[in-house]
Amino acid sequence: MASRSLSSKAFWATIVGGMLTGMGNGSVFGAATMCLVGRGSFGNWGGDGHQAYNPYTFSGFVDWCMIVFGIAYVIILAISMSRHGALEAQAQG
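About the cut-offs
- Residues numbered from 1 in each chain as written.
- Predicted model: local features only at pLDDT ≥ 70, side-chain atom pairs only at ≥ 80, totals over all residues.
- Heavy atoms only, no water.
- Phe/Tyr/Trp six-rings, centres within 6.5 Å; stacked < 30°, edge-to-face > 60°.
- Buried < 20%, exposed > 50% of the residue type's maximum accessible area, 1.4 Å probe, protein only.
- 1 Å grid on protein atoms, 1.4 Å probe; cavity = no way out; pocket = protein on both sides within 12 Å on 5 of 7 lines; lining within 4 Å.
- Points joined across faces, edges and corners; volume = space filled by probe spheres on them.
- Helix = DSSP H or I, 4+ residues; strand = E, 2+ residues; numbered from the N terminus.
- Nonpolar A, V, L, I, M, F, W, Y, C, P; charged D, E, K, R; others polar.

Chemist: Mind showing me how you'd approach the packing of aromatic side chains here?
Modeler: Any two aromatic rings considered together are summarised by their centre-to-centre distance and by the angle between their planes. Evaluation of the coordinates by the stated rule reveals 2 aromatic pairs. On the basis of an interplanar angle of 80 degrees and a centroid distance of 5.1 Å, the ring pair of F11 and W12 is categorised as edge-to-face. Residue classification places F11 among the partly exposed residues on the basis of a relative accessible area of 43%.

Here you go:
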């Protein structure tokens, strides 16, 4: 019986772990950028409804940083899991 690949075994751990880690790092990046830039160039803080995801608002910029970093970390974890699984399969076979 063939064993499932490591990336298929850890599918949900990759999605959840990648989004949590990436969004945490994205929020720190967004906050650091806002501390550096200040709020001067953002006329609206963007906290209500759809404005919270408008990248031209203060809050929307941080939200988009979190989303982009989260997706990037999921992709990085998926690549690393598939490569690690390939190395394990090669060592066993």
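Chemist: Just to check I follow, could you spell out the layout of surface pockets for this structure?
Modeler: Left-over empty space is what a probe sized like a water molecule reveals as it rolls over the atoms. Computed from the structure, the largest pocket encloses a volume of approximately 190 Å³. S3, R4, S5, L6, K9, S82, G85, A86, E88, A89 and Q92 are the residues that line the largest pocket. Counting residues per element, the ones that place at least two in the lining of the largest pocket are helix 1 (6-9) and helix 3 (58-92). When the residues that make up the lining of the largest pocket are grouped by side-chain class, the tally is 3 nonpolar, 5 polar and 3 charged.

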